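# Architecture at a glance
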Amino acid sequence: MAHTFKVNGTTHSVDIDDDTPLLWALRDNLGLTGTKFGCGVAQCGACTVYLDGKPLRSCVTPVSAVVGAEITTIEAISGREAEAVQAAWTAGDVPQCGYCQSGQVMSAVALLKENKKPTDQDIDLAMNGNICRCATYARIRAAIHSAARSLEA
């Protein structure tokens, strides 16, 4: 069945089963491989995208649930918060293997769009469910604080 939704500003129609996870439509049908498969049960955060501007785990979201919606993936993330997070990630040498980073960045940007001065507790809460196999959590938190400070300027 054909499902139509907007991804990164472009309307796409994909002919796939209703229960196909959005993640696979993005990766296999649209070639957007920045969003990663990690666990398949919405526990690790590697598959995080935005649905109408809010973070969503795409590995458990069927395409039938996003018809008519606006999806944003790591490939199209932009704006002041995104630029601040990306710069802080680079400056802080946050990634090691990098596999989880697209989901981490998506969650961090969403946090800073909602809260310009997050506390450690705010960061921990917003980033909860984003698993980093390399355990770079301290660097992630420091980078989010750095990004938040840069947004004050």
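Each residue is numbered by its place in its chain's sequence as written, counting from 1. A pLDDT threshold of at least 70 governs which residues receive local features in this predicted model, and a stricter bar of 80 or more applies before side-chain atom pairs are shown or counted, although totals over entire chains, interfaces and linings include all residues. To get the side-chain values, all heavy atoms of the structure are used, and hydrogens and water are removed first.

### Here we look at the pairing of strand β1 (residues 2-7)
For clarity, the cut-off: Categorising residues by exposure relies on relative accessible area from a 1.4 Å probe, with only protein chains included: less than 20% of the type maximum marks a residue as buried, more than 50% marks it as exposed, and the intermediate range marks it as partly exposed. Only runs of H or I of at least four residues qualify as helices and only runs of E of at least two qualify as strands under DSSP, and these elements are numbered from the N terminus. Whether two strands pair comes down to DSSP finding at least two bridges between them.
Burial along β1 is one-sided: His3, Phe5 and Val7 are buried, and none of Ala2, Thr4 and Lys6, which face the opposite way, are. Here 6 bridges tie β1 to strand β2 (residues 10-15), and the two strands are oriented antiparallel to one another. Opposite Lys6, over in β2, you have Thr11 as the bridge partner. Between the antiparallel neighbours β1 and β2 lie 2 residues, among them Asn8 with a positive phi of about 55 degrees. Pairing of β1 with strand β5 (residues 70-72) involves 2 bridges; the strand directions are parallel. Paired with Val7 across the strands is Ile71, a residue of β5.

### Some remarks on the state of the cysteines
Put simply, the test is: Two cysteine sulfurs form a disulfide in these notes if their separation is within 2.5 Å.
This model, assessed by the stated rule, comprises 0 disulfides. Cysteine Cys134 shares no disulfide, and the gap to the nearest cysteine sulfur, in Cys97, comes to 3.7 Å. A relative accessible area of 24% means that Cys134 is categorised as partly exposed.

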